[in-house]
Amino acid sequence: MPVVKKHSNLVPRALGGAAHPDPHAVAGTLRIATGTVTNAADDSNLSSYRLVDLPSSCYLHPDTFFDVQNWGFAAIRIGTETDVDALVSVLKSAGNQVDPIAKGDANHGKPLWQVLGLAADPGGHIALYAHAIANATGAGEMPFQVHYIHTS
C-alpha cells in the first residue's frame, strides 16, 4: 500500500490544493432567518407563499426546519418560484417537522443554487417559496427557521 499525504478542500494552493478555499467554508458566518407563513382555509391549488430570500451562494445548515404541524395543506412543497419542490416534497402526514438538510448528506458543503438543482449560480438572491399543489384542507400556519452560512 502506498503512503499518501492528502488534504481537504480547505487547504490553500500553497500546499497543492485549490487556488483558494471557498470563503463560505472557511470564513462564513452562521445566520438565522426566522419566519411564519399563514394560509387561509379557501386558498386554492397553485397558491404560492414567498418565505425568504437567501444568497444564492450560501450553504444551508442542518438546523434548518419547517414546522408543518398546523400548515393548511396535505402536501409540503418548498422550492423556488418556478420549481415547486426543489427543496422539499413530502406529505404532511410524514411528520410535524420537515428538515431538508441532514448532517453529512449529499448537500453538505454545496451552495444553495446547487442544492436546488439549478444549472448555474444565478448570483444575487434566490427566493424560497411554499407551494400549494391542491386546495387547502383548512387555515394554517408554518413557522420556520432557515439557518445558513455566508460571508456577507
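Worth saying up front: this structure is predicted, and the values here are computed from it rather than measured.

What follows covers the overall build of the chain. Within the chain one finds two helices and nine strands. Taken from the N to the C terminus, the helices and strands of the chain come in the order α-β-β-β-β-β-β-β-α-β-β. Here the chain holds 152 residues, and the buried ones make up 39% of them. The long-range fraction of contacts in the chain, counting pairs at least 24 apart against all pairs at least 6 apart in sequence, stands at 76%. Total accessible area on the chain stands at roughly 8600 Å², and carbon and sulfur atoms take up 51% of it.

So, on to the sheet that holds strand S5 (residues 75–79). Pairing is antiparallel across the open sheet formed by four strands, whose spatial order is S2-S8-S5-S6. Looking at strand neighbours, the two that pair on one side only are strand S2 (48–55) and strand S6 (88–91), the edges of this open sheet. Between one strand axis and the next, the sheet turns by 15 degrees as a mean value, whatever way the strands run. Summarising the sheet, S2 and strand S8 (residues 125–131) pair through seven bridges and their orientation is antiparallel. Paired with Leu54 across the two strands is Ile126, which belongs to S8.

With 32 residues, the main nonpolar core has Leu54, Phe66, Trp71, Ile78 and Leu87 as its most contacted residues. Among the secondary structure elements, those contributing two or more residues to this core are strand S1 (29–39), S2, S5, helix H2 (112–115), S8 and strand S9 (140–150). Other than its neighbours up to four places away in sequence, Phe66 contacts Leu51, Ile78, Leu87, Asn96, Gln97, Val98, Pro100, Met142, Pro143, Phe144 and Val146.

Turning next to the pattern of salt bridges. All chains considered together, the criterion is met by one salt bridge. When the shortest N-O distance is used, the salt bridge between Asp53 and Arg50 registers 3.0 Å. A relative accessible area of 39% places Asp53 in the partly exposed class. A relative accessible area of 51% means that Arg50 is categorised as exposed.

Our focus in this paragraph is the packing of aromatic side chains. For the coordinates displayed, the defined rule picks out four aromatic pairs. Both rings, one in Tyr49 and one in Trp71, keep their centres 5.3 Å apart while their planes meet at 80 degrees; by these two values the pair is edge-to-face. Taken as a pair, Tyr49 in strand S2 and Trp71 in the loop between strand S4 (65–67) and S5 lie far apart in primary sequence, 22 residues in all. Judged by its relative accessible area of 9%, Tyr49 is buried. Relative to Phe73, the ring of Trp71 lies with its centre 5.4 Å away and its plane at 55 degrees, an arrangement referred to as tilted.

This next bit is on the side chain of Arg77. For Arg77, the location among the structural elements is in strand S5. In this structure, Arg77 is buried with no salt-bridge partner, the nearest side chain bearing the opposite charge being Asp85 at 4.6 Å. At 3.3 Å, the side chain of Arg77 forms a polar contact with the side chain of Ser89. If sequence neighbours within four positions are ignored, Arg77 has contacts with Val84, Asp85, Val88, Ser89, Val90, Tyr129, Ala130, His131 and Ile133.

A separate point is the pairing of S9. The pairing of S1 with S9 spans 11 bridges and is classified as antiparallel. Residue pairing for S9: Thr36 is matched across the bridge by Pro143. In this sheet, S9 lies alongside S4 in antiparallel orientation, the contact comprising two bridges. When the sheet's bridge partners are listed, Phe66 is paired in S9 with Phe144.

Rules of the game
Residues numbered from 1 in each chain as written. Predicted model: local features only at pLDDT ≥ 70, side-chain atom pairs only at ≥ 80, totals over all residues. Heavy atoms only, no water. Helix = DSSP H or I, 4+ residues; strand = E, 2+ residues; numbered from the N terminus. Buried < 20%, exposed > 50% of the residue type's maximum accessible area, 1.4 Å probe, protein only. Contact = heavy atoms within 4.5 Å. Areas by Shrake-Rupley, 256 points an atom, 1.4 Å probe, with all protein chains shown as cover. Pairing = 2+ DSSP bridges. Axes fitted to C-alpha atoms, helices over the stretch in contact; angles between N-to-C directions. Core = buried A, V, L, I, M, F, W, Y, C linked by side-chain atoms within 4.5 Å. Salt bridge = Lys/Arg side-chain N within 4 Å of Asp/Glu carboxyl O. Phe/Tyr/Trp six-rings, centres within 6.5 Å; stacked < 30°, edge-to-face > 60°. Lys, Arg positive; Asp, Glu negative; His and termini not counted. Polar contact = N/O pair within 3.5 Å; in protein donor to acceptor, adjacent residues only side chain to side chain.

So yeah, pure geometry; function would need other evidence.
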